[in-house]
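# Residue-level structural notes
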Amino acid sequence: DAEITQSPRHKITETGRQVTLACHQTWNHNNMFWYRQDLGHGLRLIHYSYGVQDTNKGEVSDGYSVSRSNTEDLPLTLESAASSQTSVYFCASSGGRGELFFGEGSRLTVL
Amino acid sequence: DQQVKQNSPSLSVQEGRISILNCDYTNSMFDYFLWYKKYPAEGPTFLISISSIKDKNEDGRFTVFLNKSAKHLSLHIVPSQPGDSAVYFCAARDSSNDYKLSFGAGTTVTVRA
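Cut-offs used in this document
Residues numbered from 1 in each chain as written. Chains lettered and ligands numbered in written order. Predicted model: local features only at pLDDT ≥ 70, side-chain atom pairs only at ≥ 80, totals over all residues. Heavy atoms only, no water. Disulfide = S-S within 2.5 Å. Helix = DSSP H or I, 4+ residues; strand = E, 2+ residues; numbered from the N terminus. Buried < 20%, exposed > 50% of the residue type's maximum accessible area, 1.4 Å probe, protein only. Contact = heavy atoms within 4.5 Å. Polar contact = N/O pair within 3.5 Å; in protein donor to acceptor, adjacent residues only side chain to side chain. Buried area = accessible area lost by both parts, 1.4 Å probe. Salt bridge = Lys/Arg side-chain N within 4 Å of Asp/Glu carboxyl O. Pairing = 2+ DSSP bridges. Core = buried A, V, L, I, M, F, W, Y, C linked by side-chain atoms within 4.5 Å. Phe/Tyr/Trp six-rings, centres within 6.5 Å; stacked < 30°, edge-to-face > 60°.

This part covers the state of the cysteines. Residue and element names in this part refer to chain A. One pass over the structure, following the stated rule, counts two disulfides over all chains. Sulfur-sulfur distance for the disulfide between C23 and C91 comes to 1.8 Å. Residues C23 and C91 are joined through a disulfide that is left-handed, its torsion about the S-S bond being -75°. Here C23, found in strand 3 (residues 19-25), pairs with C91, found in strand 9 (residues 87-94); they are 68 residues apart in sequence, far enough to count as distant. The burial state of C23 is the same as that of C91; both residues are buried.

See below:
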């Protein structure tokens, strides 16, 4: 069965460290997204990609970057982790312009 | 500024009764609306959607109603079951803005036995 997987599921890091969260999907979807979930804010879009070599900023992109070198993967990098980036991160993909398929999430704690 | 608002953070309902979740939006360019369900430690899963050209969509126990003039949509779950206890997110798509989805803050539903 096609799926979308995230790793690591849990990560603790220190302020200033670089962190990369991996996202891999086997749906062969062109569209991939990264969201963060925080209490009271729901899901907020960080970055998204509509195909290989395409990346776009979402509403909360500061401090984050992504790259899309193939269809299956969209890694999310925190260049210099900050305590404000403690959150649960969700990767998602879609084949069209509507329904998203989400991964199980990566919980990141920045101390 | 949040364009999709779920003003009720939580809802408690007795098993067998109706659950009604509400969602308001401000962007008149939204043309497609979705509801997602999320269990703890899992990712959100798609539940039901509605196009802006319709006012109702039904799928089993779940019905979504859209009132475009009021910029309001609601999700009805009838009858509510214990397995419906979860967080429900309302989402809206803006076709004029790269088809991005905007999500509400979520409503936690607890179904009491």
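As a further point, take the side chain of A:R44. Residue and element names in this part refer to chain A. Residue placement: R44 occurs in strand 5 (residues 42-51). Judged by its relative accessible area of 19%, R44 falls in the buried class. The contact partners of R44, leaving out residues within four places of it in the chain, are W34, Y35, R36, D38, E59 and V60.

On to the environment of A:S49, then. Residue and element names in this part refer to chain A. For S49, the location among the structural elements is in strand 5. For the pair S49 and N30, spaced 19 residues apart in the sequence, the C-alpha separation amounts to 7.7 Å. Those residues in contact with S49 that sit more than four places away from it in its chain are N30, N31, M32, D54, T55, N56, R68 and L74. Among the polar contacts made by the side chain of S49, one reaches the main-chain carbonyl oxygen of D54 at a distance of 2.5 Å.

When the parts come together, some accessible area is lost, and that loss is often what is quoted as the size of the interface. If you look at the interface, chain A gives 20 residues, while chain B gives 19 residues. Buried surface at the junction of chain A and chain B, summed over both partners, amounts to about 1,600 Å²; 58% is from carbon and sulfur atoms. The interface formed by chain A and chain B includes zero salt bridges. Summed over the shared surface of chain A and chain B, the result is three residue pairs in polar contact (both at pLDDT 80 or more). For the side of chain A that touches chain B, the secondary structure elements donating two or more residues are strand 4 (31-38), strand 5 and strand 6 (54-57) of chain A. With five residues, strand 5 of chain A is the largest single contributor of residues to the side of chain A that touches chain B.

Residue and element names in this part refer to chain B. Strands sit in the order 1-3-8-7-6 across an open sheet of five strands; the sheet is antiparallel. Strands with a single pairing partner mark the edges of an open sheet, and in this sheet they are strand 1 (4-5) and strand 6 (56-59). Sheet topology note: the strand 1/strand 3 (residues 19-25) ladder contains two bridges and is antiparallel. Bridge assignment links V4 to a residue of strand 3, and that residue is Y25.

For soluble globular proteins, nonpolar side chains are generally found buried alongside one another. Counting 23 residues, the largest nonpolar core has B:F33, B:W35, B:L73, B:L75 and B:Y88 as its most contacted members. With four residues, the top contributor of residues to this core is strand 9 (residues 86-94) of chain B. Beyond its immediate stretch of four places on either side in the chain, B:F33 contacts B:Y25, B:I48, B:S49, B:I50, B:S52, B:L66, B:L73, B:A91 and B:A92. If you look at the next biggest cluster of nonpolar residues, it comprises 18 residues, including A:I4, A:Y64, A:V66 and A:L108.

Our next topic: the packing of aromatic side chains. This model, assessed by the stated rule, comprises 16 aromatic pairs over all chains. Aromatic side chains B:Y25 and B:F33 sit 4.8 Å apart centroid to centroid with 40° between the ring planes, which places their arrangement in the tilted category. Across the pair, exposure class does not vary: B:Y25 and B:F33 are buried alike. An aromatic cluster of three or more residues is present, and its members are A:F33, A:Y35, A:Y48, A:Y50, A:F90, A:F102, B:Y36, B:F46 and B:F103.

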